[in-house]
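Examining the three-dimensional arrangement
Residues per chain are reported as follows:
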Amino acid sequence: MKQEPLQSPLLFETNRVWRTYLGGAVLDRLEGRSDPKDSHFPEDWIASTTLARNPQPAGPHEGMSVCTVEGNRCLFADLIQAEPAFYLGKPHVQAFGTEPRILVKYLDAAVRLHIQVHPTAEFSHRHLNSAHGKAEAYYILSVRPDTNPHLWIGFQRPPSREQLREWVLRQDLENLRAAFDPIAVRPGDCLHIPGGIPHAIGAGICMVELMEPSDWVVRCEFEHNGYVLPESARYLNGDAELSLACFDLTPRSARQVKEQLFVQPRLVSDLSPNARLETLIDSDQTSAFRMRRLMAGPGELELPGGEAFVGLVVDGNAHIGEVECPTGSRLFFPAGVDSWRVSAGAAGLTLLQCLPPVPPAC
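Attention shifts here to helix H6 (residues 161-170). Buried within H6 are the following residues: Leu164, Trp167 and Val168. Along the axis of H6, the buried residues cluster in a sector spanning 90 degrees; they form a single face. H6 presents Glu162 and Arg170 as exposed residues on the side facing more than 90 degrees away from its buried surface. For H6, the elements touching its buried residues are helix H7 (173-178) and helix H8 (240-244). Of the residues trailing H6, Gln171 is marked for its positive phi of about 55 degrees.

Quick look at the structure:
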(Lines give C-alpha, C1' and ligand atoms only; values in the text may rest on other atoms or scores of the structure.)
Protein backbone atom coordinates (compact mmCIF):
# COMPACT_ATOMS: atom_id res chain seq x y z
CA MET A 1 0.00 0.00 0.00
CA LYS A 2 1.49 3.34 -1.08
CA GLN A 3 0.51 6.23 1.16
CA GLU A 4 0.60 9.88 0.17
CA PRO A 5 3.63 11.88 1.41
CA LEU A 6 3.54 14.18 4.42
CA GLN A 7 1.37 11.89 6.55
CA SER A 8 1.59 11.80 10.35
CA PRO A 9 3.98 9.47 12.18
CA LEU A 10 2.71 6.80 14.57
CA LEU A 11 2.51 7.57 18.28
CA PHE A 12 3.40 4.86 20.79
CA GLU A 13 1.72 4.23 24.12
CA THR A 14 3.84 4.30 27.27
CA ASN A 15 5.51 0.89 27.60
CA ARG A 16 7.17 0.68 31.02
CA VAL A 17 9.05 -2.57 31.65
CA TRP A 18 10.05 -4.21 34.95
CA ARG A 19 13.80 -4.28 35.67
CA THR A 20 15.89 -5.35 38.65
CA TYR A 21 17.01 -1.79 39.51
CA LEU A 22 15.15 1.31 40.72
CA GLY A 23 14.37 4.44 38.73
CA GLY A 24 11.70 6.01 36.56
CA ALA A 25 10.71 9.13 38.52
CA VAL A 26 12.02 11.35 35.71
CA LEU A 27 9.95 9.35 33.21
CA ASP A 28 6.89 9.69 35.48
CA ARG A 29 7.29 13.48 35.34
CA LEU A 30 7.78 13.37 31.57
CA GLU A 31 4.51 11.44 31.29
CA GLY A 32 2.70 13.96 33.52
CA ARG A 33 2.01 11.58 36.41
CA SER A 34 0.76 13.31 39.56
CA ASP A 35 2.95 11.33 41.97
CA PRO A 36 6.33 10.67 40.29
CA LYS A 37 8.44 8.10 42.10
CA ASP A 38 11.16 5.56 41.53
CA SER A 39 10.13 1.94 41.14
CA HIS A 40 11.14 -1.26 39.35
CA PHE A 41 9.75 0.23 36.11
CA PRO A 42 12.63 2.54 35.12
CA GLU A 43 12.54 1.90 31.37
CA ASP A 44 10.13 2.72 28.54
CA TRP A 45 10.61 0.42 25.53
CA ILE A 46 9.82 2.15 22.25
CA ALA A 47 8.98 0.65 18.84
CA SER A 48 9.70 -2.68 20.50
CA THR A 49 9.03 -6.08 18.96
CA THR A 50 11.24 -7.63 21.67
CA LEU A 51 9.96 -9.64 24.64
CA ALA A 52 11.42 -8.77 28.03
CA ARG A 53 13.34 -11.62 29.65
CA ASN A 54 11.93 -11.24 33.18
CA PRO A 55 11.71 -13.98 35.86
CA GLN A 56 7.98 -13.33 36.31
CA PRO A 57 6.61 -11.72 33.12
CA ALA A 58 3.69 -9.34 33.58
CA GLY A 59 1.99 -10.85 30.54
CA PRO A 60 2.60 -12.68 27.26
CA HIS A 61 3.72 -9.48 25.50
CA GLU A 62 5.76 -7.70 28.17
CA GLY A 63 8.21 -5.37 26.48
CA MET A 64 6.38 -5.19 23.14
CA SER A 65 5.10 -1.78 22.01
CA VAL A 66 1.47 -0.87 21.34
CA CYS A 67 0.24 1.90 19.06
CA THR A 68 -3.16 3.07 17.82
CA VAL A 69 -3.96 3.12 14.10
CA GLU A 70 -7.33 4.38 12.87
CA GLY A 71 -8.71 4.08 16.40
CA ASN A 72 -7.54 0.49 16.92
CA ARG A 73 -4.88 -0.52 19.44
CA CYS A 74 -2.44 -3.10 18.14
CA LEU A 75 0.99 -4.52 18.74
CA PHE A 76 3.62 -2.72 16.70
CA ALA A 77 4.92 -6.14 15.63
CA ASP A 78 1.51 -7.06 14.17
CA LEU A 79 1.26 -3.74 12.35
CA ILE A 80 4.62 -4.34 10.66
CA GLN A 81 3.64 -7.86 9.67
CA ALA A 82 0.57 -6.52 7.88
CA GLU A 83 2.54 -4.11 5.62
CA PRO A 84 6.27 -4.68 6.11
CA ALA A 85 7.44 -2.96 2.91
CA PHE A 86 5.54 0.23 3.76
CA TYR A 87 6.66 0.41 7.37
CA LEU A 88 10.25 -0.83 7.05
CA GLY A 89 11.03 -0.34 3.36
CA LYS A 90 11.45 -2.96 0.65
CA PRO A 91 15.30 -3.07 0.83
CA HIS A 92 15.11 -3.62 4.62
CA VAL A 93 12.59 -6.44 4.26
CA GLN A 94 14.63 -8.11 1.53
CA ALA A 95 17.79 -7.97 3.67
CA PHE A 96 16.47 -8.48 7.20
CA GLY A 97 12.88 -9.70 7.01
CA THR A 98 10.06 -8.10 8.98
CA GLU A 99 12.05 -7.30 12.12
CA PRO A 100 12.92 -3.62 12.75
CA ARG A 101 16.44 -4.69 13.88
CA ILE A 102 16.57 -2.11 16.70
CA LEU A 103 15.20 -1.56 20.19
CA VAL A 104 14.91 1.96 21.63
CA LYS A 105 14.43 2.86 25.30
CA TYR A 106 14.06 5.77 27.65
CA LEU A 107 16.09 4.72 30.71
CA ASP A 108 16.08 6.59 34.05
CA ALA A 109 18.44 5.21 36.71
CA ALA A 110 18.00 6.27 40.34
CA VAL A 111 20.85 3.95 41.36
CA ARG A 112 23.95 2.56 39.73
CA LEU A 113 23.05 -0.43 37.61
CA HIS A 114 24.67 -3.85 37.98
CA ILE A 115 28.06 -4.33 36.36
CA GLN A 116 27.12 -6.24 33.23
CA VAL A 117 28.09 -7.24 29.73
CA HIS A 118 26.18 -8.12 26.58
CA PRO A 119 27.26 -10.58 23.90
CA THR A 120 28.28 -9.61 20.38
CA ALA A 121 26.12 -10.70 17.46
CA GLU A 122 28.79 -13.22 16.46
CA PHE A 123 28.84 -14.73 19.97
CA SER A 124 25.03 -14.91 20.07
CA HIS A 125 24.85 -16.60 16.69
CA ARG A 126 27.50 -19.16 17.64
CA HIS A 127 26.41 -19.95 21.20
CA LEU A 128 22.84 -18.72 21.78
CA ASN A 129 21.06 -19.59 18.53
CA SER A 130 20.22 -15.90 18.18
CA ALA A 131 20.65 -13.45 15.31
CA HIS A 132 21.37 -10.59 17.70
CA GLY A 133 23.89 -9.58 20.29
CA LYS A 134 23.32 -6.38 22.21
CA ALA A 135 25.53 -3.56 21.05
CA GLU A 136 24.23 -0.32 22.57
CA ALA A 137 24.36 3.45 22.13
CA TYR A 138 23.63 6.02 24.84
CA TYR A 139 22.40 9.59 24.40
CA ILE A 140 22.43 11.42 27.75
CA LEU A 141 19.24 13.44 28.27
CA SER A 142 19.53 14.75 31.82
CA VAL A 143 21.14 14.17 35.20
CA ARG A 144 19.52 14.40 38.61
CA PRO A 145 20.51 17.28 40.89
CA ASP A 146 23.16 16.56 43.51
CA THR A 147 24.50 13.51 41.66
CA ASN A 148 27.90 12.85 40.16
CA PRO A 149 26.84 11.36 36.81
CA HIS A 150 29.27 8.85 35.39
CA LEU A 151 29.51 5.56 33.54
CA TRP A 152 31.79 2.58 33.97
CA ILE A 153 32.91 1.43 30.53
CA GLY A 154 35.47 -1.27 29.77
CA PHE A 155 38.07 -2.51 32.22
CA GLN A 156 40.76 0.10 32.86
CA ARG A 157 42.65 -2.58 34.82
CA PRO A 158 41.39 -5.85 33.32
CA PRO A 159 41.73 -9.15 35.15
CA SER A 160 42.86 -12.31 33.46
CA ARG A 161 40.09 -14.65 32.30
CA GLU A 162 40.72 -16.87 35.34
CA GLN A 163 40.72 -13.91 37.75
CA LEU A 164 37.43 -12.70 36.30
CA ARG A 165 35.92 -16.14 36.77
CA GLU A 166 37.05 -16.22 40.40
CA TRP A 167 35.83 -12.69 41.13
CA VAL A 168 32.38 -13.29 39.68
CA LEU A 169 31.78 -16.79 41.06
CA ARG A 170 33.02 -15.81 44.54
CA GLN A 171 31.41 -12.36 44.32
CA ASP A 172 34.68 -10.55 45.02
CA LEU A 173 33.06 -7.23 44.23
CA GLU A 174 35.84 -5.10 45.70
CA ASN A 175 38.31 -6.31 43.08
CA LEU A 176 35.69 -6.26 40.34
CA ARG A 177 34.73 -2.65 40.97
CA ALA A 178 38.35 -1.62 41.30
CA ALA A 179 38.94 -2.68 37.69
CA PHE A 180 36.95 0.39 36.54
CA ASP A 181 37.44 4.14 36.66
CA PRO A 182 34.30 6.31 36.59
CA ILE A 183 33.90 8.31 33.37
CA ALA A 184 31.95 11.55 33.69
CA VAL A 185 29.06 12.32 31.35
CA ARG A 186 26.80 15.31 30.76
CA PRO A 187 23.57 15.97 28.83
CA GLY A 188 24.11 15.78 25.08
CA ASP A 189 26.90 13.20 25.28
CA CYS A 190 26.54 10.29 22.86
CA LEU A 191 28.56 7.07 22.92
CA HIS A 192 28.65 3.59 21.45
CA ILE A 193 29.10 0.42 23.58
CA PRO A 194 29.99 -2.61 21.42
CA GLY A 195 29.02 -6.07 22.62
CA GLY A 196 31.50 -7.70 24.97
CA ILE A 197 32.55 -4.51 26.79
CA PRO A 198 31.71 -4.61 30.53
CA HIS A 199 29.89 -1.52 31.76
CA ALA A 200 27.54 0.01 34.31
CA ILE A 201 25.31 3.08 34.19
CA GLY A 202 25.74 5.40 37.17
CA ALA A 203 23.03 6.80 39.43
CA GLY A 204 21.08 9.86 38.39
CA ILE A 205 21.30 9.48 34.61
CA CYS A 206 18.33 9.64 32.25
CA MET A 207 19.15 8.61 28.69
CA VAL A 208 17.97 7.30 25.37
CA GLU A 209 19.33 3.81 24.76
CA LEU A 210 19.51 2.40 21.23
CA MET A 211 20.47 -1.24 20.85
CA GLU A 212 20.19 -4.47 18.96
CA PRO A 213 16.75 -6.01 19.61
CA SER A 214 17.56 -8.49 22.36
CA ASP A 215 17.53 -8.69 26.15
CA TRP A 216 20.73 -10.77 26.51
CA VAL A 217 22.73 -9.77 29.58
CA VAL A 218 25.34 -11.18 31.95
CA ARG A 219 25.27 -9.54 35.39
CA CYS A 220 28.39 -9.72 37.55
CA GLU A 221 26.83 -8.56 40.82
CA PHE A 222 24.29 -11.02 42.15
CA GLU A 223 23.02 -8.71 44.93
CA HIS A 224 22.85 -4.98 44.33
CA ASN A 225 20.68 -2.16 45.68
CA GLY A 226 18.84 -4.60 47.96
CA TYR A 227 17.76 -6.96 45.18
CA VAL A 228 19.08 -10.50 44.82
CA LEU A 229 19.16 -11.75 41.23
CA PRO A 230 17.67 -15.19 40.65
CA GLU A 231 20.00 -17.69 38.97
CA SER A 232 18.14 -17.27 35.68
CA ALA A 233 18.95 -13.54 35.55
CA ARG A 234 22.71 -13.86 36.13
CA TYR A 235 24.01 -15.78 33.15
CA LEU A 236 23.21 -16.40 29.49
CA ASN A 237 20.86 -19.40 29.47
CA GLY A 238 22.07 -20.16 33.00
CA ASP A 239 25.59 -21.06 31.81
CA ALA A 240 28.32 -19.34 33.89
CA GLU A 241 31.28 -20.53 31.84
CA LEU A 242 29.67 -19.50 28.56
CA SER A 243 28.74 -16.11 30.00
CA LEU A 244 32.25 -15.34 31.23
CA ALA A 245 33.62 -16.17 27.79
CA CYS A 246 31.79 -13.23 26.19
CA PHE A 247 33.78 -10.56 28.11
CA ASP A 248 36.18 -8.35 26.16
CA LEU A 249 39.20 -8.01 28.46
CA THR A 250 41.02 -5.41 26.36
CA PRO A 251 42.46 -2.68 28.63
CA ARG A 252 40.90 0.74 27.92
CA SER A 253 42.00 3.86 29.73
CA ALA A 254 39.38 6.51 30.45
CA ARG A 255 41.03 8.64 27.77
CA GLN A 256 40.79 5.81 25.23
CA VAL A 257 37.12 5.31 26.07
CA LYS A 258 36.48 9.00 25.44
CA GLU A 259 38.40 8.94 22.17
CA GLN A 260 37.10 5.62 20.83
CA LEU A 261 33.52 5.31 22.10
CA PHE A 262 32.23 8.87 22.58
CA VAL A 263 31.05 10.34 19.27
CA GLN A 264 30.96 13.87 17.85
CA PRO A 265 28.09 15.09 15.64
CA ARG A 266 28.74 15.53 11.92
CA LEU A 267 26.58 17.63 9.62
CA VAL A 268 24.36 15.72 7.18
CA SER A 269 22.53 18.72 5.73
CA ASP A 270 21.07 22.14 6.51
CA LEU A 271 17.33 21.69 6.11
CA SER A 272 16.53 25.40 6.53
CA PRO A 273 18.37 28.53 7.66
CA ASN A 274 17.86 27.47 11.29
CA ALA A 275 17.60 23.66 11.07
CA ARG A 276 20.41 21.14 10.74
CA LEU A 277 20.41 17.36 10.52
CA GLU A 278 23.45 15.68 12.11
CA THR A 279 24.69 12.11 12.22
CA LEU A 280 25.82 10.80 15.61
CA ILE A 281 26.35 7.09 14.93
CA ASP A 282 26.63 5.68 11.44
CA SER A 283 27.76 2.60 9.55
CA ASP A 284 31.43 3.52 9.89
CA GLN A 285 31.13 2.95 13.66
CA THR A 286 28.81 -0.06 13.83
CA SER A 287 26.72 -2.26 11.55
CA ALA A 288 24.06 -2.63 14.27
CA PHE A 289 22.16 0.69 14.06
CA ARG A 290 22.38 4.40 13.28
CA MET A 291 21.51 7.61 15.16
CA ARG A 292 20.89 11.15 13.91
CA ARG A 293 19.80 14.41 15.50
CA LEU A 294 17.60 17.16 14.07
CA MET A 295 18.14 20.55 15.74
CA ALA A 296 15.70 23.23 14.57
CA GLY A 297 14.64 26.68 15.61
CA PRO A 298 11.00 27.83 15.40
CA GLY A 299 9.34 27.50 12.01
CA GLU A 300 8.57 25.16 9.14
CA LEU A 301 10.84 22.61 7.52
CA GLU A 302 10.64 19.44 5.47
CA LEU A 303 12.35 16.41 6.99
CA PRO A 304 13.54 13.76 4.52
CA GLY A 305 11.79 10.38 4.74
CA GLY A 306 12.03 7.28 2.62
CA GLU A 307 13.49 5.10 5.39
CA ALA A 308 12.10 3.85 8.68
CA PHE A 309 13.16 5.46 11.94
CA VAL A 310 12.07 5.94 15.53
CA GLY A 311 11.83 9.63 16.45
CA LEU A 312 12.09 10.96 19.99
CA VAL A 313 11.36 14.58 20.86
CA VAL A 314 14.09 15.10 23.45
CA ASP A 315 13.69 18.89 23.69
CA GLY A 316 11.17 21.48 22.53
CA ASN A 317 8.00 20.65 20.66
CA ALA A 318 6.52 20.52 17.17
CA HIS A 319 3.64 19.49 14.96
CA ILE A 320 4.70 16.70 12.61
CA GLY A 321 2.02 16.12 10.04
CA GLU A 322 -1.16 16.36 12.09
CA VAL A 323 0.42 15.09 15.32
CA GLU A 324 1.26 17.38 18.23
CA CYS A 325 4.64 16.30 19.63
CA PRO A 326 5.69 17.72 23.02
CA THR A 327 8.95 16.82 24.74
CA GLY A 328 9.04 13.08 25.45
CA SER A 329 6.99 12.05 22.40
CA ARG A 330 7.79 8.59 20.98
CA LEU A 331 7.13 8.27 17.27
CA PHE A 332 7.62 5.91 14.36
CA PHE A 333 8.21 7.23 10.84
CA PRO A 334 7.39 4.61 8.17
CA ALA A 335 9.75 4.16 5.23
CA GLY A 336 6.85 4.49 2.76
CA VAL A 337 6.55 8.25 3.35
CA ASP A 338 8.94 10.36 1.29
CA SER A 339 9.07 13.45 3.52
CA TRP A 340 7.61 14.90 6.69
CA ARG A 341 6.26 18.39 7.30
CA VAL A 342 7.57 19.69 10.61
CA SER A 343 6.46 22.87 12.35
CA ALA A 344 8.77 23.53 15.32
CA GLY A 345 7.34 25.49 18.24
CA ALA A 346 8.61 28.70 19.80
CA ALA A 347 11.19 26.78 21.86
CA GLY A 348 12.53 24.97 18.79
CA LEU A 349 12.91 21.22 18.44
CA THR A 350 15.51 18.54 19.05
CA LEU A 351 14.42 15.25 17.45
CA LEU A 352 16.59 12.19 17.94
CA GLN A 353 16.33 9.69 15.08
CA CYS A 354 17.10 6.03 15.76
CA LEU A 355 17.51 4.00 12.58
CA PRO A 356 18.10 0.33 11.72
CA PRO A 357 21.28 -0.69 9.89
CA VAL A 358 21.65 0.08 6.20
CA PRO A 359 20.59 -2.97 4.17
CA PRO A 360 23.70 -4.57 2.65
CA ALA A 361 22.53 -4.05 -0.94
CA CYS A 362 22.12 -0.30 -0.46
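As a volume, the largest pocket reaches approximately 310 Å³. What lines the largest pocket is a set of 18 residues, among which Ala121, Glu212, Thr286, Ser287 and Ala288 lie closest to the centre. Counted by class, the lining of the largest pocket contains 8 nonpolar, 7 polar and 3 charged residues.

Right, let's get into the environment of Pro357. Positionally, Pro357 belongs in the segment after strand E24 (339-355). For Pro357, a relative accessible area of 8% gives the class buried. Separated by 265 residues in sequence, Pro357 and His92 place their C-alpha atoms 8.6 Å apart. If sequence neighbours within four positions are ignored, Pro357 has contacts with Phe96, Arg101, Ser287, Ala288, Phe289 and Arg290.

We now examine the confidence of the model for the protein chain. On average, the protein chain scores 92 in pLDDT, and the residues at 70 or more come to 98%. Element-level pLDDT for the protein chain is lowest in strand E16 (residues 227-228), with a mean of 84, against a maximum mean of 98 in strand E19 (residues 290-296).

Turning our attention to the environment of Leu22. On the secondary structure map, Leu22 appears in the loop between strand E2 (16-17) and helix H1 (25-30). Classification of Leu22 by relative accessible area gives partly exposed; the value is 32%. Along the chain, Leu22 and Cys190 lie 168 residues apart, while their C-alpha atoms are 23 Å from each other. Look past the residues within four positions of Leu22 in its chain and what remains in contact with it is Ser39, His40, Pro42, Asp108, Ala109, Ala110 and Val111.

This part is about the sheet that holds strand E8 (residues 136-143). The strand order E2-E3-E6-E13-E8-E11 describes an open sheet built from 6 strands, whose pairing is antiparallel. The open sheet has two edge strands, E2 and strand E11 (190-193), and neither has a second partner. Taken together, the 4 bridges between E8 and E11 define a ladder with antiparallel strand orientation. Residue Ala137 lies in a different strand from E11, and its bridge partner there is His192.

By the definition in use, this model includes 2 cavities of 30 Å³ or more. Counted as a void, the largest cavity has a volume near 160 Å³. Lining the largest cavity are 20 residues, and of these Tyr21, Glu43, Leu113, Gln116 and Lys134 sit closest to its centre. Those elements giving two or more residues to the lining of the largest cavity turn out to be strand E6 (103-109), E8 and strand E12 (199-201). By residue number, the principal contributor to the lining of the largest cavity is E12, which donates 3 residues. Tallied by class, residues from the lining of the largest cavity come to 7 nonpolar, 5 polar and 8 charged. Of the voids in this model, the second largest cavity is the one considered here, and its volume is about 40 Å³. Lining of the second largest cavity is provided by Leu88, Pro100, Ile102, Ala308, Phe309, Val310, Phe332 and Pro356. Each residue belonging to the lining of the second largest cavity can be placed in one class, and the counts come to 8 nonpolar, no polar and no charged.

A few words on the pairing of strand E13 (residues 205-211). In terms of burial, E13 is a largely internal element, 7 of the 7 residues being buried. Along E13, one buried face is formed by Ile205, Met207, Glu209 and Met211 and the opposite face, lined by Cys206, Val208 and Leu210, is buried too. In terms of strand pairing, E6 meets E13 through 7 bridges, oriented antiparallel. Along E13, the bridge assignment pairs Leu107 with Met207. Bridge analysis of E8 against E13 gives 7 bridges, and the strand direction is antiparallel. Looking at E13, one finds that Ala137 is bridged to Leu210.

Definitions and limits used
Residues numbered from 1 in each chain as written. Predicted model: local features only at pLDDT ≥ 70, side-chain atom pairs only at ≥ 80, totals over all residues. Heavy atoms only, no water. Buried < 20%, exposed > 50% of the residue type's maximum accessible area, 1.4 Å probe, protein only. Helix = DSSP H or I, 4+ residues; strand = E, 2+ residues; numbered from the N terminus. Arc of directions from axis to C-beta. Contact = heavy atoms within 4.5 Å. 1 Å grid on protein atoms, 1.4 Å probe; cavity = no way out; pocket = protein on both sides within 12 Å on 5 of 7 lines; lining within 4 Å. Points joined across faces, edges and corners; volume = space filled by probe spheres on them. Nonpolar A, V, L, I, M, F, W, Y, C, P; charged D, E, K, R; others polar. pLDDT = per-residue confidence, 0-100. Pairing = 2+ DSSP bridges.

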